[in-house]
Amino acid sequence: MKHKKISRRRFLNTTAALSVVTAVPGSIKSLGSGIQIQGSNYKKLAILGGDPVRKAGPIGPPWPYVDEQVVDAIVSTTRSRIWSRIQSSNGTVSTFENAFATLIGTKYCVGTGSGTQALSTCVEALGIGPGDEVITSPYTDMGTISSILTSRALPVLVDLDPDSYQLDPDEVEKRINKNTKAIMPVHIFGVAAHMERIMAIAKKYKLKVIEDACQAPLARYQGKGLGTIGDVGCFSFQASKAIACGEGGAVTGNDQALMDQCFTVQNRGANRKGSNETIGPKYRMNEFEGAILMGQFPGVRSRFEIRNDNANYLTSKLQGFAALVPQKHYPGTESGAYYHYAMTYHKEHWGAERSKFLKAIAAEGVNMGSYIKTGLHREPWVDHITGLKSYKTMYSASRLKEYKAGMHLPNCDKITDETMVSFPGSGALLAERQEMNNIINAIMKVYENRDQLKLL
Ligand SMILES: *Cc1c(COP(=O)(O)O)cnc(C)c1O
């Protein structure tokens, strides 16, 4: 397994500086921050009886976001008796579609009942089906893969860049064959995948690009919004997401014919004029979902900006700290949606497994986790589909054998099993700046006392 090269001198300088500063009781100087906290016992981890950096409890406002405007929007939709989008041409769903297209910078938007449905709509609308292959990430929500399986196409999972947790473009290119129809990059944690290279590969092999921007509303890359770079982009408004209505989703794009086809697919095969012309499930967004989304719309951009300010602040504080390294951003990344604020845990600098760090920092009042427990290449669906009659009919025995053998993705395994440390950003990154200092101080306190992690 390769590790990001760390300048040894820089790391040693860093640790030396920290040790000097913490020799002063009650004060921890995180890298370049000069944060002072009084009255706590910094020499002993809270999990071993020391005083915690902050009182236990969530950081930032609870999520999903609710205010009176959101509640009023639901009440007025209830009273209006317009509950399905087909009852009105200017109801909450079509209003939201227009507003969302404008917000992220595309000509068209089609609402759906979830992000998974949005992705599935695109796969079907692009004519991808049995015998076809779509290349995507193992490090995502199962909805990404489910959207390909629903059309009985083959989701080909490839390994990741260990520092960005995004699809590795070299691995993508290696897995292209004559049946490959599309690439589905996932902008994990709301930060851009390597779109410049992915778009170049797609162009070279004439593949479609379906962006899974479910975690990435408003995030920008090389002057464009995520979800506006590929042929189509997909968003999720599930309760944990940055813009949320419980369950909801949207497809965005600039190609009118393709977007009309997306409308038709999600409308159980009926086009905008009501003619039943193709295969499609019923994936329509309902008016209550549209109402909640419109209710929270006014603050969406300012919340996005606050999250970016706080994420940039954390990243600046962690700069040069080799033990916990923020998610790598590719050149051209202008902002992120920060579904999670994610970092790579380098255990050689802590002398302890990630699980001990997570326990210790939770006791300091800062909850972090490891996101998904396993890459989706290690889940039972792989054996399930390769045993199905439909898949055995559409894909040769040798292809299915090679397919299963290709589910060996060591970088993804290392991320899930050893290095991922993150916390959800939707609410937490809206907290006061002092809470960001608490997060940094908790990290630095655990780091300074890392010899105590052995005792856990
Ligand atoms: C949430 C999510 C999905 C699925 O969206 P749902 O609305 O939950 O169906 C797909 N991909 C990613 C990356 C997600 O985060």
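Residues numbered from 1 in each chain as written. Predicted model: local features only at pLDDT ≥ 70, side-chain atom pairs only at ≥ 80, totals over all residues. Heavy atoms only, no water.

A look at the overall build of the chain
What the chain contains, in helices and strands, is 17 helices and twelve strands. Counting only residues that meet the buried cut, the chain has 58% of its 456 residues in that class. Long-range pairs, those at least 24 residues apart, make up 72% of the contacts in the chain with a sequence separation of at least 6. Split by element, the accessible area of the chain, about 19200 Å² in all, is 52% carbon and sulfur. Averaged over its 54 positive side-chain charges, the chain has a centre that lies 3 Å from the centre of its 42 negative ones. (Helix = DSSP H or I, 4+ residues; strand = E, 2+ residues; numbered from the N terminus. Buried < 20%, exposed > 50% of the residue type's maximum accessible area, 1.4 Å probe, protein only. Contact = heavy atoms within 4.5 Å. Areas by Shrake-Rupley, 256 points an atom, 1.4 Å probe, with all protein chains shown as cover. Lys, Arg positive; Asp, Glu negative; His and termini not counted. Charge placed at Lys NZ, Arg CZ, Asp CG, Glu CD.)

Digging into the environment of Leu324
Among the structural elements, Leu324 can be located in strand S10 (residues 324-326). Apart from residues no more than four positions distant in its own chain, Leu324 is found in contact with Leu318, Met343, Thr344, Tyr345, Trp350, Phe357, Val421 and Ile443.

Remarks on empty space enclosed by the protein
In the structure shown here, the tally under the stated rule is two cavities of 30 Å³ or more. Each pocket or cavity is described by its volume, and for the largest cavity that value is around 50 Å³. (1 Å grid on protein atoms, 1.4 Å probe; cavity = no way out; pocket = protein on both sides within 12 Å on 5 of 7 lines; lining within 4 Å. Points joined across faces, edges and corners; volume = space filled by probe spheres on them.)

Thoughts on the site of the ligand
Taken together, 14 residues sit near the ligand, with Gly115, Thr116, Asp212, Ser236 and Lys241 positioned nearest. Interatomic distance of 2.5 Å between a side-chain N/O atom of Thr116 and an oxygen atom of the ligand. Contacts to the ligand include Gln215, whose side-chain N or O atom sits 2.8 Å from an oxygen atom. Contact with the protein chains removes 93% of the 380 Å² of surface that the ligand exposes when unbound. Along the lines of polarity and charge, the residues of the shell around the ligand split into two nonpolar, nine polar and three charged. (Near = heavy atom within 4 Å. Polar contact = N/O pair within 3.5 Å; in protein donor to acceptor, adjacent residues only side chain to side chain. Nonpolar A, V, L, I, M, F, W, Y, C, P; charged D, E, K, R; others polar.)

Focus: the sheet that holds strand S12 (residues 420-424)
Pairing in this open sheet of three strands is antiparallel, and the strands run S10-S11-S12 from one edge to the other. Both outer strands of the open sheet, S10 and S12, are each paired with one neighbouring strand and no more. Each neighbouring strand pair of the sheet contributes to a mean axis angle of 30°, computed without reference to strand direction. In this structure, strand S11 (residues 340-345) lies alongside S12, joined through five bridges in antiparallel fashion. Considered in S12, the bridge of His340 is made with Pro424. Along the sheet, helix H10 (residues 300-318) makes contact with S10, S11 and S12, crossing S11 at roughly 15°. (Pairing = 2+ DSSP bridges. Axes fitted to C-alpha atoms, helices over the stretch in contact; angles between N-to-C directions.)

Comments concerning the sheet that holds strand S1 (residues 108-112)
Taken in spatial order, the seven strands make up an open sheet running S1-S9-S8-S5-S4-S2-S3, and their pairing is mixed. Strand pairing shows two members of the sheet lacking a second neighbour, S1 and strand S3 (154-157), which therefore form its edges. The sheet shows a mean angle of 25° between the axes of neighbouring strands, direction not considered. The pairing of strand S5 (residues 208-212) with strand S8 (residues 232-236) spans three bridges and is classified as parallel. Residue pairing across strands places Ile210 opposite Val232, the latter belonging to S8. Here helix H7 (residues 195-205) sits on the sheet in contact with strand S4 (180-184) and S5, set at roughly 150° to S5. Each of S1, S8 and strand S9 (249-253) touches helix H8 (residues 256-266); the most contacted strand, S1, lies at about 15° to it.

Digging into helix H2 (residues 68-80)
Between its first and last C-alpha, H2 extends 18 Å over 13 residues, near the 18 Å set by a 1.5 Å rise per residue. Taken residue by residue, H2 has Val70, Ala73 and Thr77 as its buried positions. Within H2, the buried residues cover an arc of 55° as seen down the axis, which keeps them to one side. Opposite the buried face of H2, by more than 90 degrees, sit the exposed residues Glu68 and Arg79. Where H2 is buried, its residues touch helix H3 (92-104) and helix H9 (287-296). Measuring from the backbone nitrogen of Gln69 back to the side-chain oxygen at the start of H2 gives 3.0 Å, which picks out Asp67 as the cap. Just beyond H2, the residue with positive phi is Arg81, at close to 60°. (Expected span 1.5 Å × (residues − 1). Arc of directions from axis to C-beta.)

This is a description of form; function is not addressed.
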